[in-house]
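Secondary and tertiary structure notes
Spelled out, the chains give:
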Amino acid sequence: MSQVDDVKKRRQLEAARIKQRLSNMYEVNSEEIPEGEEVVAFVNVDQCIGCDQCLIVCDDDAIELYDAPLRNAQLHVEVNKKAKILRDPCTGCRLCVLACPTDAIVMIDR
Ligand code: SF4
Ligand code: SF4
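Nothing here was measured: the structure is a model prediction, and the numbers come from that model.

Basis of the calculations
- Residues numbered from 1 in each chain as written.
- Chains lettered and ligands numbered in written order.
- Predicted model: local features only at pLDDT ≥ 70, side-chain atom pairs only at ≥ 80, totals over all residues.
- Helix = DSSP H or I, 4+ residues; strand = E, 2+ residues; numbered from the N terminus.
- Buried ≥ 20, exposed ≤ 12 C-beta atoms within 10 Å, placed from the backbone.
- Contact = placed C-beta atoms within 7 Å.
- Near = placed C-beta within 6 Å.
- Nonpolar A, V, L, I, M, F, W, Y, C, P; charged D, E, K, R; others polar.
- pLDDT = per-residue confidence, 0-100.
- Core = buried A, V, L, I, M, F, W, Y, C linked by C-beta atoms within 7 Å.

1. Quick notes on the overall build of the protein chain
The secondary structure content of the protein chain amounts to three helices and four strands. Of all 110 residues assigned to the protein chain, the portion counted as buried reaches 14%. The contacts in the protein chain between residues at least 6 apart in sequence include a share of 71% that link residues at least 24 apart.

2. Notes on the site of ligand 2
The environment of ligand 2 is made up of 14 residues, and the closest members are C48, C51, Q53, C54 and C100. Looking at the shell around ligand 2 residue by residue, the classes come out as 10 nonpolar, three polar and one charged.

3. Comments concerning the confidence of the model for the protein chain
A residue-level look at the protein chain finds 88% of positions with pLDDT of 70 or above and a mean pLDDT of 87. For the protein chain, per-element mean pLDDT is lowest for helix α1 (residues 3-30), which scores 74, and highest for strand β1 (residues 39-43), which scores 97.

4. Regarding unusual backbone geometry
In this structure, D61 takes a positive phi of about 50 degrees despite not being glycine. Of note, D61 is situated in the loop between α2 (53-57) and β2 (63-67). Taking the number of C-beta atoms within 10 Å as the measure of exposure, D61 has 10 and is therefore exposed. The backbone phi angle of D103 is positive, close to 55 degrees, even though this residue is not glycine. Tracing the backbone through its elements, the reader meets D103 in the loop between α3 (95-99) and β4 (105-109).

5. Topic: the nonpolar core
Formed by 14 residues in total, the largest nonpolar core has its most connected members in A41, C54, I63, C96, V97, C100 and I105. Only α3 and β4 provide two or more residues apiece to this core.

6. Describing the environment of I33
The residue I33 is located in the loop between α1 and β1 in this model. Excluding its chain neighbours within four sequence positions, the residues that come into contact with I33 are R94, V97 and M107.

7. So, the environment of E35
The residue E35 is located in the loop between α1 and β1 in this model. Since 15 C-beta atoms lie within 10 Å of it, E35 is described here as partly exposed. A sequence separation of 60 residues divides E35 from L95, and the C-alpha atoms of the two residues are 9.5 Å apart.

Below you can see the structure in the form of structure tokens.
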């Protein structure tokens, strides 16, 4: 087996291991995340990287991305996106919480 093949195989194994760990984690934590009409999603903007994964899973059009200024003047990024929850259409389904890779979304009381 070549070095490239060896690295590819190791990466695949590592990706599978990480996916399994995340699945296990969500399985445990998902029951602890509040759900329903009494709660609404909330984005901690400091943790949001604007990846738009929450928009993809939200069936209720309750999330928007907006342009936010960068705090670090040394960095040059044309567009810095953040997610924002629209409270009225949010049904409290918590799918966005499970989808967010940075744990930026939490469910709070309405
Ligand atoms: S809790 Fe559900 S409805 Fe509300 S923003 Fe998240 S995915 Fe959309
Ligand atoms: S999934 Fe999380 S990090 Fe990505 S845009 Fe939504 S809130 Fe931000």
